[in-house]
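Each chain, written out:
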Amino acid sequence: MHLAYPAVLSALLFCTGLYGVLARRNAILVLMSVELMLNAVNLNLVAFDVWLSRAARDTLHSGQALTLFTIAIAAAEIGIGLAIVLAVYRNRGTSDIDKLRDTAEGPETEGPGTSAAEKTEATA
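Residues numbered from 1 in each chain as written. Predicted model: local features only at pLDDT ≥ 70, side-chain atom pairs only at ≥ 80, totals over all residues. Heavy atoms only, no water.

Asks: I would appreciate a short explanation of the packing of aromatic side chains in the present structure.
Replies: For any pair of aromatic rings, the description consists of the separation of the ring centres together with the inter-plane angle of the planes. The full count for this structure, using the stated rule, is one aromatic pair. Taking 6.1 Å as the distance between ring centres and 80° as the angle between the ring planes, the aromatic pair formed by F48 and W51 counts as edge-to-face. Here F48 pairs with W51, and both are found in helix α2 (residues 27-55), just three residues apart, close to one helical turn. Judged by its relative accessible area of 34%, F48 falls in the partly exposed class. (Phe/Tyr/Trp six-rings, centres within 6.5 Å; stacked < 30°, edge-to-face > 60°. Helix = DSSP H or I, 4+ residues; strand = E, 2+ residues; numbered from the N terminus. Buried < 20%, exposed > 50% of the residue type's maximum accessible area, 1.4 Å probe, protein only.)

Asks: How should the UniProt feature "transmembrane region" (unreviewed entry) in the chain be read in this particular structure?
Replies: Here the UniProt feature "transmembrane region" (unreviewed entry) sits at residues 66-89. Between the first and last C-alpha atoms of residues 66-89 the distance is 34 Å; the span itself is 100% helix and 0% strand. (UniProt positions renumbered as here; feature names shortened; annotations may be inferred.)

Asks: Help me out: how do you make sense of the side chain of D49 in this one?
Replies: Relative to the helices and strands, D49 is located in helix α2. A residue is classified by how much of its surface remains accessible, and D49, at 8% relative accessible area, is buried. Contacts of D49, omitting those with residues within four sequence positions, involve H61, S62, G63 and Q64. (Contact = heavy atoms within 4.5 Å.)

Structural data, given as structure tokens:
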């Protein structure tokens, strides 16, 4: 099999994941899109490892070893990411990234021309 087939498939997977990260508002769908991007990288690592092992006599299979590390890191990332998303959903009631960004900023009681005395009075 030619190297172009897995490379094109990997590029399509990566572009799909990138679109998902940039266009989605749901945090869980963003995490799934990051997983698509990591799987595209894994596919490239294995494909290039097979292609390079045909050319060289020494077959270290470093691409496959890196793929195993990437899978382990991706599993840890998904576990921690889902735990954070569930905790935020329990506290805020939504997993919409835009709404979470708005609530993180808080109410604006201070403006650019607010003095220190006015800030103290606003908090008291």
